[in-house]
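A structural walkthrough
Chain by chain, the residues run as shown.
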Amino acid sequence: MPTNDLMEKLVSLCKRRGFLFPSSEIYGGLNSFYDYGPLGVELKNNVKRLWWQSMVQRRDDVVGLDAAILMHPKVWEASGHLQNFTDPLVDCKQCKRRFRADHLLEATGSKPDLGTMKTPAGLPKVCPECGGELTEPRRFNLMFKTFMGPLEEASSVVYLRPETAQGIFVNFKNVRDTMRPKLPFGIAQIGKAFRNEITPGNFIFRTREFEQMECEYFCHPREADRWYDYWRQERFNWYVDVLGINKKKLRLRDHKRDELAHYAKACADVEYQFPFSGWSELEGIANRQDFDLKQHATFSGQDLEVTDEAGKKFTPYVIEPSAGADRATLTVLVDAYTEVEGGRTTTTESNKELEVVMRFDKKVAPIKVAVLPLSKKETLARPAREIFDALRSRWTCTYDEVASIGRRYRRQDEIGTPYCVTVDFETLEDKKVTVRARDSMKQERIGIEELEDYFKDNL
Ligand code: ATP
């Protein structure tokens, strides 16, 4: 299937079935902002919950945090964001389109040097869209600025955080003082971040408001290489083992020396092969050495060192796995999307219709079980409701009694529900229901009494 087709179909399915809506759509939308609908919020919550479980709840060496979005402006001076968090921007004088100079340069096969303001040799002089003249590149800071309090003056400027990581670094001392963790230990956080991206796009791949899932793992400098290798592999495995993403479409890409930020000793990206852009970053894992803690120690005047067994003071190194919750959710959606030409169902009027199946891993599927009475009649609706009420206390379930059973199965396939439970007239006699599995379409008769155990084993 042509790649654009696939994305078009996925975007339309997301809208039609309540995964994602354009933000403020009744006013015409706001460019590249999206709202998660009823199914989307379940899906994204599952992604975040699985990350939190793996990174915090099931580990002895990582604790959680939820820091404020607005922070002291000095934070961004210390972190370097005020000075360096910029993209080189060029405008087309003719069609007024805007481009990132590094993207234009990359498209010519040259390597961008983002450290300088100078026009890099080889930067195209004309617009790739209309052939118009391009401006010289200008530096553009990606942080959203706002004002605290009633006066819009320089002294009241604050920034929407462009990453969650700094909230962790500035709480390093608080966490140490209160929780007394021994090195190595990590602090993890999930939260919103904001970047005034020059070219947002590709659905929720790059937006100006997004959510990050970040962990800062502090360790002794002599152990940093080992922990870097550990997290690099651990985070790759998470996408395969926990999110259930196809391993063939994932890879780890180590950054070359000249790609590294000046403070990073090593960095690797977990990448997914997206239909719209090829291999693209899902998560970065970096050895940031002692850069961040040292900067904050200098700017705040606080002691952020620790003492080793020999009584020697040092600043810990940090390994940072930094992921995007929305990019992970997009990956789950793209990876699950499957079309079956001619249809899977051969017994009903659905024959020959194209069927869409979202093959979500059961752990991420927004709805786990759909309860479907064969008819709306009270004789079937009552027991079906009772089963629905019993199951929904443990799993996210839905109840659907509208349309033919074949059509209802397809509706559930399209939103990736792993199991359907059908209550029919036989149920009234044998106290059994039909459980239908999404992927195999296998149907089994299971006693109502055994249903909970069945799903406990299978979900
Ligand atoms: P890019 O090069 O794509 O702009 P980055 O290298 O600046 O990304 P990081 O600063 O390393 O990204 O952010 C960590 C993670 O946060 C990314 O791997 C991605 O999953 C997510 N992320 C970053 N920017 C955005 C965005 N604009 N929209 C959605 N997710 C984002």
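Note: the structure precedes this text.
Described below are features of the structure shown in this document. (Residues numbered from 1 in each chain as written. Predicted model: local features only at pLDDT ≥ 70, side-chain atom pairs only at ≥ 80, totals over all residues. Heavy atoms only, no water.)

1. Considering the packing of aromatic side chains
Rules: Pairing of aromatic rings covers Phe, Tyr and Trp, the last through its six-membered ring, and needs centres within 6.5 Å; plane angles under 30 degrees mean stacked, over 60 mean edge-to-face, and all others mean tilted. Put simply, DSSP marks the helices as runs of H or I at least four residues long and the strands as runs of E at least two long, and each gets a number from the N terminus on. Buried, partly exposed and exposed residues are distinguished by accessible area as a fraction of the type maximum, computed with a 1.4 Å probe on protein chains only: under 20%, between the cut-offs, and over 50%, respectively. Look at NZ for Lys and CZ for Arg. If either is within 6 Å of the ring centre and within 35 degrees of the ring normal, a charge sits over the ring.
Enumeration over the complete set of coordinates arrives at 22 aromatic pairs. Between phenylalanine 172 and phenylalanine 218, the aromatic rings sit 4.7 Å apart at their centres with planes inclined by 55°, giving tilted as the arrangement. Separated by 46 residues along the polypeptide, phenylalanine 172 in helix H7 (residues 172-179) and phenylalanine 218 in strand E10 (residues 209-219) bring together distant segments of the chain. Ring plane angle 80° and centroid distance 5.0 Å describe the contact between tyrosine 230 and tryptophan 231, whose orientation is recorded as edge-to-face. Accessibility expressed as a relative area gives 29% for tyrosine 230, which makes it partly exposed. Members of the aromatic cluster, joined through ring pairs, are Phe169, Phe172, Phe185 and Phe218. Sitting above the plane of the phenylalanine 205 ring, arginine 327 keeps its charged end 3.7 Å from the centroid. Here arginine 385 stacks its cationic end above the ring of tyrosine 399, 4.4 Å away from the centre of that ring.

2. Side note on the site of the ligand
Test applied: Proximity is defined per residue: any heavy atom of the residue falling within 4 Å of a molecule or strand makes that residue near it. Polar contacts, as used here, are pairs of N or O atoms within 3.5 Å; protein pairs need one atom able to donate a hydrogen and one able to accept it. Residues neighboring in sequence count only if both atoms are side-chain atoms. Per-residue and other accessible areas were derived by the Shrake-Rupley procedure at a 1.4 Å probe size, with only the shown protein chains allowed to occlude residues. Three classes are used: nonpolar for Ala, Val, Leu, Ile, Met, Phe, Trp, Tyr, Cys and Pro, charged for Asp, Glu, Lys and Arg, and polar for all others, with Gly counted as polar.
Residues in close proximity to the ligand total 14 residues, the closest being Glu197, Arg206, Thr207, Glu281 and Leu282. Take leucine 282: an N or O atom from its main chain is 2.9 Å from an oxygen atom of the ligand. Between an oxygen atom of the ligand and a main-chain N or O atom of glycine 324, the distance comes to 3.1 Å. Taking 590 Å² as the accessible area of the ligand by itself, protein coverage stands at 81%. Mapped onto the shell around the ligand, the elements with two or more residues apiece are E10, strand E13 (278-289) and strand E16 (317-324). Counted by class, the shell around the ligand contains four nonpolar, four polar and six charged residues.

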